[in-house]
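A structural walkthrough
These are the residues of each chain, in order.
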Amino acid sequence: MTFSIRKATKEDMPRVLELIVELAVFEKEPDAVKVTVEDLEQGGFEDPKQFVCFVAECEGKIEGIALVYNRFSTWKGQVLHLEDLVVSQRKRGTGLGTALLDEVVKYAYSLGVKRVSWEVIEWNEPAISFYEKKGALVKRDWFVVQLNEEEMKNYIANI
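Here goes a summary of the coordinates provided. (Residues numbered from 1 in each chain as written. Predicted model: local features only at pLDDT ≥ 70, side-chain atom pairs only at ≥ 80, totals over all residues. Heavy atoms only, no water.)

1. Things to note about the side chain of Glu63
As for its position among the elements, Glu63 is in strand 3 (residues 61–73). Side chain to side chain, Glu63 and Ser88 meet in a polar contact 2.6 Å long. The contact partners of Glu63, leaving out residues within four places of it in the chain, are Arg15, Leu19, Ala56, Cys58, Val86, Val87, Ser88, Arg90, Lys91 and Leu96. (Helix = DSSP H or I, 4+ residues; strand = E, 2+ residues; numbered from the N terminus. Polar contact = N/O pair within 3.5 Å; in protein donor to acceptor, adjacent residues only side chain to side chain. Contact = heavy atoms within 4.5 Å.)

2. Focus on helix 2 (residues 37–45)
Burial in helix 2 covers these residues: Val37, Leu40, Gly43 and Gly44. Around the axis of helix 2, the buried residues are gathered within 135° of arc, so they sit on the same side. Taken together, the buried residues of helix 2 touch helix 1 (13–26). (Buried < 20%, exposed > 50% of the residue type's maximum accessible area, 1.4 Å probe, protein only. Arc of directions from axis to C-beta.)

3. Examining unusual backbone geometry
The phi torsion of most residues other than glycine is negative, and most of the peptide bonds are trans. A cis amide bond, omega -5°, links Asp47 with the succeeding residue Pro48. Inspection of the secondary structure puts Pro48 in the loop between helix 2 and strand 2 (52–58). Here Lys28, not a glycine, exhibits a phi torsion of approximately 65°, which is positive. Mapping Lys28 onto the fold places it in the loop between helix 1 and helix 2. Given a relative accessible area of 61%, Lys28 falls into the exposed group. Unusually for a residue other than glycine, Glu59 sits at a positive phi of about 50°. The residue Glu59 is located in the loop between strand 2 and strand 3 in this model.

4. Some thoughts on the nonpolar core
Grouped together as the largest cluster of nonpolar side chains are 18 residues, with contacts concentrated most on Val68, Leu80, Leu82, Leu85, Leu100 and Val104. Put simply, the parts of the chain that give this core at least two residues each are strand 2, strand 3, strand 4 (77–87), helix 3 (96–111) and helix 4 (125–133). Apart from the residues within four sequence positions on either side, Leu100 is in contact with Ile5, Phe54, Val55, Ala56, Gly64, Ile65, Ala66, Leu85, Val86 and Val87. In terms of nonpolar packing, the next biggest core, distinct from the first, is built from 16 residues, Leu40, Val55, Ile65 and Val86 among them. (Core = buried A, V, L, I, M, F, W, Y, C linked by side-chain atoms within 4.5 Å.)

5. Points about a nonpolar patch on the surface
A grouping of Leu147, Met152, Tyr155, Ile156 and Ile159 is seen on the molecular surface, where their side chains present a nonpolar patch of about 590 Å² in accessible area. Judged by its relative accessible area of 58%, Ile156 is exposed. (Patch = residues over 30% accessible without salt bridge, like charges linked within 9 Å, V, L, I, M, F, W, Y side chains within 5 Å. Areas by Shrake-Rupley, 256 points an atom, 1.4 Å probe, with all protein chains shown as cover. Salt bridge = Lys/Arg side-chain N within 4 Å of Asp/Glu carboxyl O.)

6. What about the packing of helix 1 against helix 2?
Running from N to C, helix 1 and helix 2 cross one another at 115°; their axes reach a closest spacing of 9 Å. Classified by the angle their axes make, helix 1 and helix 2 are roughly perpendicular. Between helix 1 and helix 2 lies a crossing of right-handed hand. Seen from helix 1, the contacting residues are Met13, Pro14, Val16, Leu17 and Ile20; seen from helix 2, they are Val37, Leu40, Glu41 and Phe45. Of the residues belonging to the contact of helix 1 with helix 2, the class tally is eight nonpolar, no polar and one charged. (Axes fitted to C-alpha atoms, helices over the stretch in contact; angles between N-to-C directions. Parallel < 35°, antiparallel > 145°, perpendicular 65-115°, else oblique. Left-handed = near helix turned anticlockwise from the far one by under 90°. Nonpolar A, V, L, I, M, F, W, Y, C, P; charged D, E, K, R; others polar.)

7. With respect to the packing of aromatic side chains
Inspection of every chain in the model, using the stated rule, returns four aromatic pairs. Centroid distance Phe26 to Trp123: 5.6 Å. Interplanar angle 50°. Geometry classified as tilted. Here the residue Phe26 occupies a position in helix 1, and Trp123 occupies one in the loop between strand 5 (115–117) and helix 4, the gap between them amounting to 97 residues. A relative accessible area of 32% places Phe26 in the partly exposed class. By relative accessible area, Trp123 is classed as partly exposed at 37%. Through pairs of rings, three or more aromatic residues link up here, namely Trp118, Phe130 and Tyr131. (Phe/Tyr/Trp six-rings, centres within 6.5 Å; stacked < 30°, edge-to-face > 60°.)

Shown next, in the form of structure tokens:
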């Protein structure tokens, strides 16, 4: 199988959204995706750009994505956050995930960041194993903490 990895274009965003939805279904959150194609187009291609997206293309079709953005660590300095690395279900195990992760790490290194970080859901053992085989440290003693829109509203109401 031949494929190429490249930076996404604005025209790729409908397919990028399809893969994001596919990931949400895989993670048992089929109704959680609220982002739109327009949100992706604005976030990735209008100033200020909020993310960079790499795509894996096979035979003219995008079969994988890696979406990253800059963060700042109070301990390390500049960090690149990998929001999602998704390979379509039919193309998993073909090397696309490795190629996308390779591209993210090369990009991070070219930026001079001190760390690449991301989350992985605790029951996704194939992904955890994949990342550990690549040399990543999976920190099992940290929890992801979030406030969604409604929770922020409630928080502010109680200040």
